[in-house]
Amino acid sequence: MTATVIDGKAFAAKVREQVAEHVARLKEENGITPGLAVVLVGEDPASQVYVRSKGKQTVEVGMNSFEHKLDVDTSEEDLLALLDELNADPAVHGILVQLPLPGHLNEDLVINRIDPAKDVDGFHISNVGLLGTGQKSMVPCTPLGCLMMLRDHHGSLSGLNAVVVGRSNIVGKPMANLLLRDSCTVTIAHSRTKEIEALCKTADIVVAAVGRPEMVTGDWIKPGATVIDVGINRIDAPEKGEGKTRLVGDCHYESCAEVAGAITPVPGGVGPMTIACLLANTLTACCRANDLAEPEGLTA
Ligand SMILES: Nc1nc2c(c(=O)[nH]1)N[C@@H](CN(C=O)c1ccc(C(=O)N[C@@H](CCC(=O)O)C(=O)O)cc1)CN2
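Residues numbered from 1 in each chain as written. Predicted model: local features only at pLDDT ≥ 70, side-chain atom pairs only at ≥ 80, totals over all residues. Heavy atoms only, no water.

**Description of the site of the ligand**
Then step 1. Around the ligand, a shell composed of 17 residues is seen, among which K54, V97, L99, D121 and G268 lie nearest.
Then step 2. L99 places a polar main-chain atom, nitrogen or oxygen, 3.0 Å from a nitrogen atom of the ligand.
Then step 3. With respect to the ligand, the backbone of P272 contributes an N or O atom lying 3.4 Å from an oxygen atom.
Then step 4. When the ligand sits alone it has 690 Å² of accessible area, and the protein chains cover 76% of it.
Then step 5. For the ligand, the cavity whose grid points lie within 2 Å of the majority of its atoms is the largest pocket. (Near = heavy atom within 4 Å. Polar contact = N/O pair within 3.5 Å; in protein donor to acceptor, adjacent residues only side chain to side chain. Areas by Shrake-Rupley, 256 points an atom, 1.4 Å probe, with all protein chains shown as cover. 1 Å grid on protein atoms, 1.4 Å probe; cavity = no way out; pocket = protein on both sides within 12 Å on 5 of 7 lines; lining within 4 Å. Sits in = over half its atoms within 2 Å of the grid points.)

Here it is as structure tokens:
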């Protein structure tokens, strides 16, 4: 079997198109422009790229983008004061603090200072609790993107066996909750899971989010299963020349693609969906703030 490739780049472009159409209608019919504030502390090169990309795509779909770039040694007090300002600003419907933060800042404290209604990353403890109890919340962007691709590929997910490999607060746990909400039978596997290969082989859906390059191989996959690879790992690629690198996922693509029914590539799979879903979440937050109907198909 050779798997169908789930093209996250093309899917993300469609999501952005839908967001842009909805934003145009909001402006025309309600005179409202959604606004997203992105806060970056420090100069981590990867974070700078992601923040630039978020700002560019926000403007491209017709929203207002507010970028706040702070010094690496910004105090917690100053960062919290900025979040208070953004919470109170009616032109800002979504707020996110790019992660990881420099070590002297308490990530939980910072994230929990964001107004939950503006928490477009879905990381605030209130949103975590709402999602965990199956209530309306802001949903973390990467798992939301995975869910959209799975729903598009399978139609209904009801009754499918899903194994989520990885138990992070940002991907593994919210992904498991979303799959549960769509009536999958869900298992979370992690570094201490016994016979993890055999467990994955029972799954109709495997979501790999462990941050270990190419850990999941084809012999872990049930023939015809869907493999969603959340990992983004840069590894040495001597075959491309000295000092060269390449991106790989948490799944060994070639061997998994031989067995799976469908698979997301890295790059070009889950990654692009993360920013597309951030835009969708900002639109959702704006609609909720103004008591307007939420965009269909862009929420969990
Ligand atoms: N506040 C947040 N911080 C971080 C998040 C997040 O969702 N919220 N996620 C990641 C980084 N991230 C967005 O912020 C992100 C990562 C990767 C991609 C992406 O499109 N990746 C490409 C490959 C990019 C490359 O060439 O390096 C792909 O997979 O095709 C988008 C967004 C951590 N921090």
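**Description of the UniProt feature "domain: Tetrahydrofolate dehydrogenase/cyclohydrolase catalytic" (unreviewed entry) in the chain**
Then step 1. UniProt tags residues 6-121 as "domain: Tetrahydrofolate dehydrogenase/cyclohydrolase catalytic" (unreviewed entry).
Then step 2. Helix makes up 49% of residues 6-121 and strand 16%. Its end C-alpha atoms lie 24 Å apart. (UniProt positions renumbered as here; feature names shortened; annotations may be inferred. Helix = DSSP H or I, 4+ residues; strand = E, 2+ residues; numbered from the N terminus.)

**As for the UniProt feature "binding site: NADP(+)" (unreviewed entry) in the chain**
Then step 1. Under the UniProt annotation, "binding site: NADP(+)" (unreviewed entry) lies at G166, R167, S168 and I232. None of the other annotated residues line the largest pocket; only S168 and I232 do.
Then step 2. When residues no more than four places from it in sequence are discounted, the contact partners of G166 are G172, I188, A189, A209 and V210.
Then step 3. Setting aside chain neighbours within four positions, we find S168 in contact with K173 and P174. (Contact = heavy atoms within 4.5 Å.)

**Topic: the pattern of salt bridges**
Then step 1. Under the definition given, this model contains 8 salt bridges.
Then step 2. A salt bridge links R151 to D182, with the shortest nitrogen-to-oxygen separation between them at 2.8 Å. Taken together, the residues span a long stretch of sequence, with R151 in helix α6 (residues 141-154) and D182 in the loop between α7 (172-181) and β6 (185-189) at a distance of 31 residues.
Then step 3. Assessed through its relative accessible area of 27%, R151 is described here as partly exposed.
Then step 4. You can call D182 buried: its relative accessible area is 18%.
Then step 5. Across the pair E294 and R288 runs a salt bridge whose closest N-O atoms are separated by 2.7 Å. (Salt bridge = Lys/Arg side-chain N within 4 Å of Asp/Glu carboxyl O. Buried < 20%, exposed > 50% of the residue type's maximum accessible area, 1.4 Å probe, protein only.)

**Side note on unusual backbone geometry**
Then step 1. The linkage connecting L99 with the following residue, P100, adopts the cis geometry, with an omega of 5°.
Then step 2. Secondary-structure assignment places P100 in the loop between β4 (94-97) and α4 (107-111).
Then step 3. Note the cis peptide between V266 and P267, where omega equals 0°.
Then step 4. Within the fold, P267 resides in the loop between β11 (262-263) and α10 (270-289).
Then step 5. Unusually for a residue other than glycine, E195 sits at a positive phi of about 50°.
Then step 6. Tracing the sequence through the fold places E195 in the loop between β6 and α8 (196-200).
Then step 7. A positive phi is found at E214, a non-glycine position, where the angle reads about 55°.

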